[in-house]
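Residues per chain are reported as follows:
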Protein chains: 2
Amino acid sequence: MEKKFVESITSQKEDFSKWYTDVILKAKLADYSPIKGCMVIRPYGYAIWENIQRLLDERIKNTGHENAYFPLFIPKSFLEKEAEHVEGFSPEVAWVTKGGGEDLLEPFAVRPTSESIICSMYAQWIQSWRDLPVLINQWANVVRWEKETRPFLRTTEFLWQEGHTAHRTKEEAEEETLKMLSVYKDFVEEDLSIPVIAGKKTENEKFAGALHTYSIEVLLKDGRALQAGTSHNLGQHFAKAFDIMFQDLDGERKYVWQTSWGLSTRIIGALIMTHGDDYGLVLPPKVAPYQIVIIPIWKNESDKEKVYRYVDEIYEVLGRQFRVKVDNDEEHTPGWKFNEWELRGVPIRLEIGPKEAEKDEIFVARRDLRTKTSIKREIMVEEISNLLKDIQKSLFDKAMKFREERTYEVEDFNTFKDIMDTKRGFVKASWCGDGDCELKIKELTGATIRNIPIDWEEEDGKCILCGKKTKIKVLFAKAY
Amino acid sequence: MEKKFVESITSQKEDFSKWYTDVILKAKLADYSPIKGCMVIRPYGYAIWENIQRLLDERIKNTGHENAYFPLFIPKSFLEKEAEHVEGFSPEVAWVTKGGGEDLLEPFAVRPTSESIICSMYAQWIQSWRDLPVLINQWANVVRWEKETRPFLRTTEFLWQEGHTAHRTKEEAEEETLKMLSVYKDFVEEDLSIPVIAGKKTENEKFAGALHTYSIEVLLKDGRALQAGTSHNLGQHFAKAFDIMFQDLDGERKYVWQTSWGLSTRIIGALIMTHGDDYGLVLPPKVAPYQIVIIPIWKNESDKEKVYRYVDEIYEVLGRQFRVKVDNDEEHTPGWKFNEWELRGVPIRLEIGPKEAEKDEIFVARRDLRTKTSIKREIMVEEISNLLKDIQKSLFDKAMKFREERTYEVEDFNTFKDIMDTKRGFVKASWCGDGDCELKIKELTGATIRNIPIDWEEEDGKCILCGKKTKIKVLFAKAY
């Protein structure tokens, strides 16, 4: 039975893409919905999102931002005010054309992102330098009509947070853009145990309407990159389009400088594909819906009573400090449950039988390494607390090691192409800075410049495609 | 300056409706948006909603429910599956007819409520009695095309939670419906200090598609009623429409029994109109974004330094336990700030000047009663904690007293009509149980049956309109 259960997930090696959807469906993270491209986030998946929200929201508030809520609908004319913005987003928009039984005079876009509706309000709220900065964040659903969709990674509707700020000076806006990039980096690395590379997007890849865009990029287990969060310096593009002006200290009326930044449910896709293995999901303790699952094991009624009493006592103590699930469903065998909770990625499993009750111990199985050990009851709180910290760190280290092994420094185009055609991974290579060269590389290899990492120093080199001398090294990968 | 500031709110007596919108706009709870009928919830208003979400979510989870997320869009054919449901909702629906540059083959409704999309998933997830009960809640935005809108009370888009459960038996579904009604009652009374009357809706007023509906009803300061939450026993209506069947213990395939229940941002309207006064908003401590505001008062630089140091010490202690805002903006006078934070309804204001610093005291102004007192620093944490509890309770008592004074037991139709035409309020009156009588009363007086309170016992009487003998007494009011 155990064997059969595990066999029901495709192995990563056999078909990584099928492994991914197997895990999502079988761990009950999400399900396909009758609306093409839209998924249902099931309770177990949504509990991960709630933990993500709580932890990221705290970081967003600690950096001085407040939450608010703006309308779902955006009049067509608003979306059209910023030229690059409309060009970038209009092909992906869902349009409401009827409401209350009547055709609308002007169609409404279901927000693909909220810059334009929010800017229309900022134009009213901001009058003086005293009103600045405006530091607002919104947790919301957005819709982008996608041709190819995959659960979490790319869905027609998704959930996210979008920050929208307005500042007095250009410098402040750039400082904010980089601050939020580092909030994302810290959050993803510390709370999700996923190492990221933070950098600046090229002109070709920047947000439609931005001055420039920064991103954090993740390398997934199949060697593809995923953009896990973006932070945009909007310059004065939207301020000019929406006439957001303030009276400055010197008495002059000036346009504000703006930023926007977002992180979405897509990050759950990164979480699955960074830590998961052939047994299923592996969740970092900080965002796991349950950090510990307790499985009572007994064969006869007298054992059962003893074990259940002992499990109650253990739960009573651990439940105060950790997120704990006791699985005392009697329909399934302990073996079935071991597999089930491995598949669902719970960091620590306690197997509690009569022997543990007698010896005042707990038997601990660790999901990430699949190691097992006994711990004395009197020191279990401290030991488990340390174990959870260790799992959190160990997942990060393992992912970092993987990334380092799959990051190649390449100087020759054929090698570059060969890597992209076979094992993939991150490629560090020189680039002349020309957008046409960038597009040509994409055409020939499928790889894009993920970003120009902010931590990488300038280095002499020759453009991987055209051979022109350059000092810029960039991060290439095939991306989701 | 102080006087002028207060004058800027219309008094409740002069124009209650204008008072309401004055408070919303000037306290920066919300603002009108360029989308007709949609509001922007500003950070201060949204912070109240976040507190509501946190407290209600805890109650929903404590009663065994989990959160999930279902798509925003509902195919037209799904909405049409339950006959009463489509009839009730289709006039209010916003339709998406274009997406990704193309006309859709089938239009999508922007969810006015999610029964139909959720039921389509339940039909897949539920196979056996072992899969029951399903206890799922969703926090989401919904859209209903409203002709007349008012901030919070009735907006085209609003935020809410909607619970959707499926059960094995009719009895379990009814138990769940009543359980969630009482969760709402407890939440609104204990956390928002708003007394409610819980009862059953008449057939005319029940939810479109339900077997029957329960509601909690609030009496607002202008004598109108507001439906503040509803809990529906859906019977097997949706189960039959969506074919949600399970194999029961006896081996037979049966339809599930369902419930749904919702509470929305409209409750913030009830909060404003229950506790507010001519000085502005009055917030119950449990949901106030700030429970305490500290205003430093000083005239010269040496005082300033002393006062700021003392304020820091006070904040350091109180901030650990309460939500505290220090207003050290130097653009405004203390008097201006007193008015500002009264308008914004902060339960406790501390006025801290050199005298307080010298005497190791805090000077405390209470928003609801507008009384002031000095408290010794060494006992301030306990005193303030008690004060906040007292304010929470006192607001409830005051609202209850108001409701009792404005609840009339009436046996004669002319008196009934006179009350509804003048002072309004809750009217307890006999009703024959006939829906036509109910509609006729509405036509003649504008009053509707709010509900048939579950706590009211049967009593002999004659229908207020037709005079027929009856044992049913019901709650009438003019409603928002």
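The structure displayed is predicted, hence computed values, not measured ones. (Residues numbered from 1 in each chain as written. Chains lettered and ligands numbered in written order. Predicted model: local features only at pLDDT ≥ 70, side-chain atom pairs only at ≥ 80, totals over all residues.)

This brings us to the overall build of chain A. The secondary structure content of chain A amounts to 15 helices and 25 strands. Its C-alpha radius of gyration of 25 Å places chain A within 12% of the 23 Å reference for a compact globule of 480 residues. Taken along the three principal axes of its C-alpha coordinates, chain A extends 80 × 55 × 45 Å. (Helix = DSSP H or I, 4+ residues; strand = E, 2+ residues; numbered from the N terminus. Rg over C-alpha atoms; globule rule 2.2 N^0.38 Å.)

So, about the relation of the copies chain B and chain A. Copy one and copy two of the chain differ by a rotation about a common axis and a shift along it. Take chain B, turn it by 180°, move it 0.0 Å along the axis, and it overlays chain A with an RMSD of 0.0 Å. Here the symmetry operator amounts to a two-fold rotation axis. In terms of proximity to the rotation axis, the leading residue of chain B is B:Val96, whose C-alpha is 2.1 Å off the axis. A shared binding surface is used by both copies, with 100% of the interface residues of chain B retained as interface residues in chain A. (Least-squares fit on C-alpha atoms with pLDDT ≥ 70 in both. Contact = placed C-beta atoms within 7 Å.)

This paragraph deals with helix H2 (residues 16-26) of chain A. Residues and elements named next belong to chain A. The set of residues buried in H2 consists of Trp19, Tyr20, Val23 and Ile24. Down the axis of H2, the buried set is contained in an arc of 130°. They therefore lie on one face. Residues of H2 that are buried make contact with strand S1 (30-32) and helix H9 (266-275). Of the residues trailing H2, Lys28 is marked for its positive phi of about 55°. (Buried ≥ 20, exposed ≤ 12 C-beta atoms within 10 Å, placed from the backbone. Arc of directions from axis to C-beta.)

This brings us to the packing of helix H3 (residues 43-62) of chain B against helix H7 (residues 170-191) of chain B. Residues and elements named next belong to chain B. With their axes 11 Å apart at the nearest point, H3 and H7 run at an angle of 145° to one another. Handedness of the crossing formed by H3 with H7: right-handed. Counting all contacts with H3, which are made through Leu55, Leu56, Arg59 and Ile60, the residues of H7 involved are Val183, Phe187 and Asp191. Of the residues assigned to the contact of H3 with H7, the class counts are 5 nonpolar, no polar and 2 charged. (Axes fitted to C-alpha atoms, helices over the stretch in contact; angles between N-to-C directions. Left-handed = near helix turned anticlockwise from the far one by under 90°. Nonpolar A, V, L, I, M, F, W, Y, C, P; charged D, E, K, R; others polar.)

Each partner contributes residues to the interface: chain B has 42 residues there, and chain A has 42 residues. Considering each element in turn, the side of chain B that touches chain A owes the most residues, 6 residues, to strand S5 (residues 94-99) of chain B. Each residue belonging to the side of chain B that touches chain A can be placed in one class, and the counts come to 25 nonpolar, 8 polar and 9 charged. The pairing of strand S5 (residues 94-99) of chain A with S5(B) spans 5 bridges and is classified as antiparallel. Paired with A:Val96 across the two strands is B:Val96, which belongs to S5(B). (Pairing = 2+ DSSP bridges.)

Moving on, we come to the sheet that holds strand S18 (residues 361-366) of chain B. Residue and element names in this part refer to chain B. Pairing in this open sheet of 5 strands is mixed, and the strands run S16-S15-S17-S18-S19 from one edge to the other. On the outer flanks of this sheet lie strand S16 (324-326) and strand S19 (372-376), each paired with one strand and no other. Pairs of neighbouring strands in the sheet enclose a mean axial angle of 25°, with direction left out of account. The pairing of strand S17 (residues 348-352) with S18 spans 4 bridges and is antiparallel. Across the sheet, Leu350 pairs through a bridge with Val364, a residue of S18. The strands touched by helix H11 (residues 334-343) are strand S15 (292-296) and S17; relative to S15, the strand with the most contacts, the crossing angle is about 170°.

Regular strands show a simple pattern: their side chains alternate between the two faces of the sheet. All names here are of chain A. Here 4 bridges tie S5 to strand S6 (residues 102-110), and the two strands are oriented antiparallel to one another. Bridge pairing in S6 links Lys98 to Asp103. Remark: 2 residues form the turn of the hairpin made by S5 and S6, two consecutive strands paired antiparallel; Gly100 in that turn has positive phi of roughly 60°.

Our next topic: the sheet that holds strand S22 (residues 448-453) of chain A. Residue and element names in this part refer to chain A. Judged by pairing direction, the sheet is mixed, and its 11 strands sit side by side in the order S3-S7-S8-S14-S11-S10-S9-S22-S25-S21-S20 without closing on themselves. Two strands bound the open sheet, and with one partner strand each, they are strand S3 (66-67) and strand S20 (407-409). Summarising the sheet, strand S8 (residues 157-167) and strand S14 (residues 257-264) pair through 8 bridges and their orientation is antiparallel. Among the inter-strand pairings, Ala166 is bridged to a residue of S14, identified as Gln258. Each of strand S7 (134-143), S8 and S14 is contacted by helix H3 (residues 43-62), which is oriented at about 5° to S8, the strand it contacts most.

As a further point, take the domain arrangement of chain A. Entries for chain A in the domain assignment read domain 1 (2-275), domain 2 (292-386) and domain 3 (407-477). Taking only C-alpha atoms, the centre of domain 1 of chain A and the centre of domain 2 of chain A are 39 Å apart. (Domains from an automatic or database assignment.)

Per-chain confidence: chain A averages 96 in pLDDT, with 99% of residues scoring 70 or above. Here the complex is predicted with pTM 0.97, and the ipTM for its interfaces comes to 0.96. (pLDDT = per-residue confidence, 0-100.)

As a further point, take unusual backbone geometry. All names here are of chain A. For the bond running from Leu132 to Pro133, omega is -10°, close enough to zero to count as cis. Following the sequence through the fold, Pro133 ends up in the loop between helix H6 (115-125) and S7. Residue Phe152 is not a glycine yet carries a positive backbone phi of 65°. Its place among the elements puts Phe152 in the loop between S7 and S8.

Residues and elements named next belong to chain B. One can find Phe89 in helix H5 (residues 83-89). Here the alpha-carbon distance between Phe89 and Ser33, two residues 56 residues apart in the chain, equals 24 Å. Excluding residues that lie within four positions of it along the chain, Phe89 makes contacts with Leu79, Pro112, Thr113 and Ala208.

This next bit is on the pairing of S18(B). All names here are of chain B. Here S18 runs beside S19; their pairing, made up of 5 bridges, is antiparallel. Paired with Phe363 across the two strands is Ser374, which belongs to S19. Between the antiparallel neighbours S18 and S19 lie 5 residues, among them Arg370 with a positive phi of about 60°.

All right, on to the environment of A:Arg224 then. All names here are of chain A. By the element assignment, Arg224 lies in the loop between strand S10 (212-219) and strand S11 (225-235). A tally of 16 C-beta atoms within 10 Å means that Arg224 is categorised as partly exposed. With 253 residues separating them in the primary sequence, Arg224 and Ala477 have C-alpha atoms 6.5 Å apart. The residues contacting Arg224, other than those within four sequence positions of it, are Arg424, Ala477, Lys478, Ala479 and Tyr480.

For the rest of this paragraph, the subject is H3(B). If you check H3(B), its first and last C-alpha atoms are 28 Å apart, about what 20 residues at 1.5 Å a residue would give, namely 28 Å. For H3(B), the set of buried residues is B:Gly45, B:Tyr46, B:Ala47, B:Ile48, B:Trp49, B:Ile52, B:Leu56 and B:Ile60. (Expected span 1.5 Å × (residues − 1).)

Residues and elements named next belong to chain B. Mapping Asp329 onto the fold places it in the loop between S16 and H11. Overall, the presence of 11 C-beta atoms within 10 Å leaves Asp329 in the exposed class. Through-space distance from the C-alpha of Asp329 to that of Lys254 is 65 Å; in sequence the pair is 75 residues apart.

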